[in-house]
Amino acid sequence: MLLRALALLLPVALGPSVAVAAGLAVLHDGSFREWRRLDPVVSDPGGDGASDGLDLGRLWLADDGEALYLRLEIGRETILQNPPTEAAGNELRLYLDLDDDTATGRQVEGLGAEMEVRFGERRTIFYDPSGAGESVDGGRAGVVALPTHSSEAFEIRVALPAAAERLALVLADAAPGGDRLPDTGAAAYRLSGKAIGPPRPIPLSRKKRTDFRLLSLNVEDSLIAKLPAVYRRLLRATDPDLIALQSLRDWGPAETLAFVEETLPPPDGRRWTAVGHADLVTLSTFPLLASAPVDGNLAVHVDLPADRDLVLVNVHLPCCANDAGRDAESDNLALFWRDLLEGRGLFPVAPDDAVIYAGDFNFVGFRRQLLAVRDGRFVDPSHGPGFDPGRARGRLATAPLRHVGERTTVTWRRTTSPFAPGRLDFVFYAGDALKHRRSYVLDTTELAGRDRRRAGLRRADTDRASDHLPLVADFRVRSGLPARPARP
């Protein structure tokens, strides 16, 4: 049954208004699946903004008892955390009146705003009743927009004060002649009063012992070497068969291998092996048949105990504003897999072997980089018309990496950064050869004390280990494939 808007108008001082009350368990991932149950609360006509600015469209609102969620269409491909001086930047403002009182806070757009989010400036301003403001950087402001890469639509989470019951908001493009949503008045919202609560926790263990497990983690400039006790606890709690580490500069494969062997003895009959390239180390309890660098990334051919083998690509794409570097490396990652499938790659594989790309993709720029790796749609047209990296299934599948105890998918955060938390790390896989079994983002602060103790973890472990969070993904090789001849 569809949830419909409820007519709960705020005071007429706000002018024409739209109001809803909708409690919704939003999985904050930037995909909008849950929002199909709701109607938009504002639909702004197209073409009424500046020709080179945003063209704000439809807006949906919901809450889960702790945060306000906005689904927002902005009319052009935009990198929401970029200022107008940077690629695909913006001057979008979100003004929030949180106390239903136009006389308190900053007097702006007909509101008495207690919050002003300046997305492109990467900061939020909180106003006291007199209108005096305090600016807070994105890492501490409690405002998170997904996807982190460019898009024409965003899913925005705004943490709310516990006392909030009714609010009003306006979105405005501060560029000259910029669009406003709604055109007049404000969008008003009465909180649903529904405390949705956290989702069912994801177990840290595998569904079946025969599933193989991958752990991927950016170790933030070799913190594994500086905080070995923390990493021992994380490794033992997750118990992976394959490990992809990024940003490891103080240790090479030999030092990393010695640490993992001592921390996590492999099952009987298997042993850890490790290879490295640039700041990457990949480890496996399964035999490694070959390895090859792909720019600053590392591919290995893994001999799985199944009819099909695995190509695992440990990824660490260039950071920050280096879109040209990410463009080139994303294309090369796709070209690497296309060449393997066509029998002319850096090492031989069977045409139906599995592939997994895992790591820190740094998707903070243009969406085209994700489309190159996942969908086989090259950024550079000279590489050809593209291909289906998932073979008959088209694009690669994306492992559903939700936090163990929260409805969010962010994988990077730093409270001292001007950037809000984001989703920078991914696991893509060939869904025709592999069946996804279980996956999660491990945040030890979300685990109940009993569960942490049972896993041998401490509350601050993931916060201390890195500004990235560990990714865990379990798979099994799909059955029903033609039998492969025995390896000579």
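So, here is what we can say about the structure in this document. (Residues numbered from 1 in each chain as written. Predicted model: local features only at pLDDT ≥ 70, side-chain atom pairs only at ≥ 80, totals over all residues. Heavy atoms only, no water.)

**Let's talk about the sheet that holds strand β18 (residues 273-277)**
Keep this limit in mind: Pairs of strands are assigned from DSSP output, requiring at least two bridges between the strands. A run of DSSP states H or I qualifies as a helix once it reaches four residues; a run of E qualifies as a strand once it reaches two. Both are numbered from the N-terminal end. Under this scheme, a helix contributes an axis fitted over its contacting stretch, all axes are lines through C-alpha atoms, and angles between N-to-C directions fall in the 0 to 180 degree range. In this description, contact between two residues means that some pair of their heavy atoms is separated by no more than 4.5 Å.
A sheet is described by the order of its strands in space; here six strands give the open sequence β18-β19-β17-β16-β27-β26, paired in mixed fashion. The strands lining the two open edges of the sheet, one partner per strand, are β18 and β26 (434-441). Averaged over all pairs of adjacent strands, the angle between strand axes in this sheet comes to 15°, irrespective of strand direction. Its contacts with the sheet place helix α2 (residues 228-238) against β16 (212-218), β17 (242-246), β26 and β27 (471-477), and it is angled at close to 155° to β16.

**Let's talk about the packing of α2 against helix α3 (residues 253-263)**
Our working rule: Working definition: roughly parallel below 35 degrees, roughly antiparallel above 145 degrees, roughly perpendicular at 65 to 115 degrees, and oblique for all remaining angles. Crossing handedness is defined as follows: a turn of the near helix away from the far one that is anticlockwise and smaller than a right angle gives a left-handed crossing, while the clockwise case is right-handed. Amino acids outside the nonpolar list (Ala, Val, Leu, Ile, Met, Phe, Trp, Tyr, Cys, Pro) and the charged list (Asp, Glu, Lys, Arg) are all regarded as polar, and Gly is one of them.
At a closest axis distance of 10 Å, the pairing of α2 and α3 adopts a crossing angle of 60°. Comparing their axes, α3 and α2 come out oblique. In this structure, α2 meets α3 at a crossing whose hand is right-handed. Between α2, through P228, Y231, R232, L235 and R236, and α3, the contact on the second element is made entirely by F259, V260, E262 and T263. For the contact of α2 with α3, a count of residues per class yields five nonpolar, one polar and three charged.

**A short note on the packing of aromatic side chains**
Basically, it comes down to this: Any pair of Phe, Tyr and Trp rings, taking the six-membered ring for Trp, is counted once the centres come within 6.5 Å. Such a pair is stacked with planes under 30 degrees apart, edge-to-face with planes over 60 apart, and tilted for the rest. Exposure classes here rest on a 1.4 Å probe applied to the protein chains alone. A residue is buried below 20% of its type maximum, exposed above 50%, and partly exposed in between. Over a ring means this: the NZ of a Lys or the CZ of an Arg is within 6 Å of the ring centre and within 35 degrees of the ring normal.
Taken as a whole and assessed by the stated rule, the structure comprises 11 aromatic pairs. With centroids separated by 5.2 Å and ring planes inclined at 75°, the aromatic side chains of F361 and F428 adopt a geometry described as edge-to-face. Here F361 is found in the loop between β23 (354-360) and α5 (368-375), whereas its partner F428 is found in strand β25 (residues 425-429), with 67 residues between them in sequence. When its relative accessible area of 0% is taken as the criterion, F361 is described as buried. Note that R71 overlies the ring of W60, its terminal NZ or CZ placed 4.0 Å from the centroid.

None of this, on its own, says anything about what the molecule does.
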